[in-house]
Amino acid sequence: MRYCGWVVRKVQVGRVLILEVSTSSSVRLSVLVFKPERDRDFYATVRDVDVGTALCFEGFPAEEQKSKRGIEYVVEKLEIYAKPLEPLPVDTAGKTPVLLDTRLKYRWLLARKPEERAIVRIRSGIIKAAREYFEANGFTEIHTPKIVAAGAEGGATLFKVQYFENDAYLSQSPQLYKQMLIASFEKVYEITPYFRAEKFNTPRHLNESWGIDAEQGFISSVEDVMKTLEELVAYIVNYVSKNYREELEELGIQPLQLTTPFKRLKFTEVVDLLRSEGVDVRENEDLSDYAERKLGEIMSEKKHYLYFIVGFPWSSTAFYYMREEDGIYTRKFDLDFKGLEIASGGQREHRYEKLVEALKDKGLNPENYSFYLEAFKYGMPPHGGFGLGIERLLMKILNLENIREAVLFVRDRTRLIP
Ligand code: AMO
């Protein structure tokens, strides 16, 4: 076998030279052991190698595995590809701790470290699992525009771009487009960036984040959509637990095994529950971060780590969620994972007249949404869907404290490079 990677540490023990190499084949390091009498041909070359060097080697695992840091190899062939021009700005061997700020600046380089690599690999595992789930369940993958003329999630968080002679925006969500496609597909999904000009700097928000969006038609109730979401999340989490054992171990995370259904709580029930614990909550507003966290504690005590909150008040939601007959509540839900919202979704308003009314009620001009509204004229079935935040899910699976750790190149209030 040929392995390629980068030297993260070089140690001399007596006359034995050891190179610790980070390769793509495993999150575990490859420990290359060179003994002067056995490896005379390589010895001079290896002595010259610095931390950071890119190399490939062929070899076999040593009979006696003594290193705790990785898998020991006896090298049979060695090719040096590139030496570093200067010492590395960060310690890729993981011996020296790094501040979050430095970590975010050099994530692309620190990804040579097993822990950082493990996070990136598990993130890619989430995407793989989601695709597998959707493909096995009759969903078609779509791509919708990221430069758009109208927002779906409220004007305050739109990034404006100059689109030739017109004003345009970066897409906050594929919401309008995925719904339009329910005029021709029963089930669609998209793995997509969300661009949101949220001004606050929190451990849970990014200005460019990624979502797994789905939309399905011909539903009989919002339950059909919740079922898809809980199945998807359980599939992803169980897939990661099964296929990323080494990565989870590297991060000291106990693999989770989820079973469905997840607990469902009515929004009104949540209000009562939180009030009974002395938390200040309003009936007509979304839950605050504090209330969400508090609910997470209450639910964790009952061993409910993932739970839905269903039936948010109309005054707290976007225009496209279906309103109940009472006009006060909607068929919008959130899915929370230990006190953090990881997804939102719901049943949509599919009746043309009601949708126009809803836009007006939210102070929006239906004319700006005419391209979207048109899709509701030609046989739009009852439908619903959701958006699942990839970084938020990864954060919860790996117990990350800050959402920035869940993404390789961070876009937040102060970061536009790298
Ligand atoms: P919502 O705005 O709740 O719903 O977004 C869906 C999920 O995306 C994640 N998310 C974010 N993650 C990090 N930083 C952000 N700034 C950010 N914004 C959102 C969260 C959130 O639960 N169109 C609807 C979904 C639908 O109804 O289909 C929507 O976008 O995990």
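All chains use their own residue numbering, which begins from 1 and follows the written sequence. In keeping with the model being predicted, local features are shown solely for residues with a pLDDT of at least 70 and side-chain atom pairs are shown and tallied solely at 80 or more, while totals for entire chains, interfaces and linings include all residues. For the side-chain quantities, the full set of heavy atoms in the structure was used; hydrogens and water were omitted.

The first and last C-alpha atoms of helix α9 (residues 289-301) sit 19 Å apart over 13 residues, in line with the 18 Å expected at 1.5 Å per residue. Only protein chains enter the accessibility calculation, which uses a 1.4 Å probe; a residue whose area is less than 20% of its type maximum is buried, one above 50% is exposed, and one in between is partly exposed. A helix here means a DSSP run of H or I that spans at least four residues, while a strand means a run of E at least two residues long, and both kinds are numbered starting from the N terminus. Within the sequence span of α9, burial applies to A291, E292, L295, G296, I298 and M299. End-on view of α9: buried residues confined to an arc of 170°, all on one side of the axis. Where α9 is buried, its residues touch β12 (263-266), α8 (267-276), β13 (306-310), β14 (332-337) and β15 (340-347). K303, located one to two residues past α9, shows a positive phi value of around 65°. In this scheme, a helix's expected span is set at 1.5 Å multiplied by one less than its residue total. Directions pointing from the helix axis toward each C-beta atom define the arc. Residue contacts are counted whenever heavy atoms from the two residues lie within 4.5 Å of one another.

Turning our attention to the site of the ligand. Residues are counted as near a molecule or strand when any one of their heavy atoms sits within 4 Å of it. Among the 25 residues in the neighbourhood of the ligand, the closest are listed as Q175, R196, E341, S344 and R348. Between N or O atoms, a polar contact is any pair within 3.5 Å; within protein, one atom must be a potential hydrogen donor and the other a potential acceptor, and residues adjacent in sequence are included only when both atoms are from side chains. Contact between the ligand and K178: an oxygen atom at 2.8 Å from a side-chain N or O atom of the residue. Within the side chain of R196, an N or O atom sits 2.6 Å from an oxygen atom of the ligand. Per-residue and other accessible areas follow the Shrake-Rupley method at a 1.4 Å probe size, with only the shown protein chains counted as cover for residues. Protein chains bury 95% of the 620 Å² of accessible surface belonging to the ligand in isolation. With respect to the pocket detection grid, the ligand is positioned in the largest pocket. Elements with a minimum of two residues in the shell around the ligand: α5 (175-180), β15 and β16 (383-389). It is β15 that provides the largest number of residues to the shell around the ligand, a total of 5 residues. Polar here means any residue outside two lists: the nonpolar Ala, Val, Leu, Ile, Met, Phe, Trp, Tyr, Cys and Pro, and the charged Asp, Glu, Lys and Arg; Gly therefore counts as polar. Here the shell around the ligand is composed, by residue class, of 8 nonpolar, 9 polar and 8 charged. Grid spacing is 1 Å over the protein atoms alone, the probe is 1.4 Å, and a cavity is where that probe fits but cannot get out, while a pocket is an open set with protein on both sides within 12 Å along at least five of seven lines and lining residues have an atom within 4 Å of a point. In this scheme, a molecule is assigned to a cavity or pocket if more than half of its atoms are within 2 Å of the grid points.

Checked against the element boundaries, V7 lands in strand β1 (residues 2-13). In sequence terms V7 and D50 are 43 residues apart; their C-alpha atoms lie 7.3 Å from each other. Beyond its immediate chain neighbours, meaning those up to four positions away, V7 contacts L19, E20, V21, V49, D50, V51, G52, T53 and L55.

Time to look at the state of the cysteines. The disulfide criterion is simple: two cysteine sulfur atoms within 2.5 Å. All chains considered together, the criterion is met by 1 disulfide. Between the sulfur atoms of C4 and its disulfide partner C56 the distance amounts to 2.1 Å. Linking C4 and C56, the disulfide has an S-S dihedral of approximately 110° and is accordingly described as right-handed. Highlighted residues: C4 in strand β1 and C56 in strand β4 (residues 54-61), separated in sequence by 52 residues. A relative accessible area of 5% means that C56 is categorised as buried.

For the rest of this paragraph, the subject is the domain arrangement of the protein chain. Start and end positions for the domains come from either an automated domain assignment or a database one. The domains assigned to the protein chain are domain 1 (2-88) and domain 2 (114-406). Placing a centre on the C-alpha atoms of domain 1 and another on those of domain 2 gives a separation of 45 Å. Of the roughly 620 Å² buried where domain 1 meets domain 2, counting both sides, 51% is carbon and sulfur surface. Summed over the three residues of domain 1 that lose the most area to domain 2, namely S24, V27 and R28, the buried surface amounts to 67% of that side. What counts as buried area is the accessible surface, traced by a 1.4 Å probe, that two parts surrender upon association, with contributions from both included.

Among the secondary structure elements, I80 is positioned in strand β5 (residues 70-82). The exposure class of I80 is partly exposed, given its relative accessible area of 31%. The contact partners of I80, leaving out residues within four places of it in the chain, are T45, V49, T53, A54 and L55.

Here 5 strands make up a closed barrel; going around it, the order is β1-β2-β3-β5-β4 and the pairing mixed. Averaged over neighbouring strand pairs, the angle between their axes works out to 55° when direction is ignored. Docked against the sheet, helix α1 (residues 40-48) engages β1, β2 (16-23), β3 (29-34) and β5, running at close to 75° with respect to β5. Strands pair, by our definition, only if DSSP identifies at least two bridges between them. Only the contacting stretch of a helix is used when fitting its axis, a line to C-alpha atoms as for every element, and angles between N-to-C directions run 0 to 180 degrees.

Now for the nonpolar core. By nonpolar core is meant a set of buried Ala, Val, Leu, Ile, Met, Phe, Trp, Tyr and Cys residues that side-chain atoms within 4.5 Å join together. With 54 residues, the main nonpolar core has F134, I212, V233, L388 and L393 as its most contacted residues. Tallying contributions element by element places helix α6 (residues 222-243) first for this core, with 11 residues. Contact partners of L393, with chain neighbours within four places excluded, come to I126, V233, I236, V237, F337, I342 and L388. Counting 19 residues, the second-largest nonpolar core is a separate cluster that includes L176, V188, L355 and Y369.

This part is about a negative patch on the surface. Residues E115, E246, E249 and E250 make up a contiguous surface patch of negative charge. If one sorts the elements of the negative patch by residue count, helix α7 (residues 245-250) sits on top with 3 residues. In this structure E249 comes out as exposed when scored by relative accessible area, which is 65%. The patch calculation keeps residues exceeding 30% relative accessible area without a salt bridge and links them within 9 Å when they carry like charges or within 5 Å when they are nonpolar (Val, Leu, Ile, Met, Phe, Trp, Tyr). By convention in these notes, a salt bridge is any Lys or Arg side-chain nitrogen within 4 Å of a carboxyl oxygen on Asp or Glu. For this count, His and the chain ends are skipped, Lys and Arg are scored as positive, and Asp and Glu as negative. A single reference atom marks each charge: NZ on Lys, CZ on Arg, CG on Asp, CD on Glu.

In this section: the packing of aromatic side chains. In summary, the pairing rule links any two rings of Phe, Tyr or Trp, Trp by its six-membered ring, whose centres are within 6.5 Å, and it sorts them by plane angle into stacked for under 30 degrees, edge-to-face for over 60 and tilted for everything else. If you walk through the whole model with that rule in mind, you get 21 aromatic pairs. Relative to F134, the ring of Y133 lies with its centre 5.7 Å away and its plane at 70°, an arrangement referred to as edge-to-face. Of the two residues examined, Y133 and F134, each falls in the buried class. Here the aromatic residues Y133, F134, F139, Y189, Y235, Y239 and Y244 are joined through ring pairs into a cluster of three or more. Geometrically, a lysine NZ or arginine CZ counts as sitting over a ring once it is within 6 Å of the ring centre and also within 35 degrees of the ring normal. Geometry around Y194 places R196 over its ring, the cationic atom sitting 4.9 Å from the centre. The positively charged end of K338 is found above the aromatic ring belonging to Y305, 5.5 Å away from the centroid.

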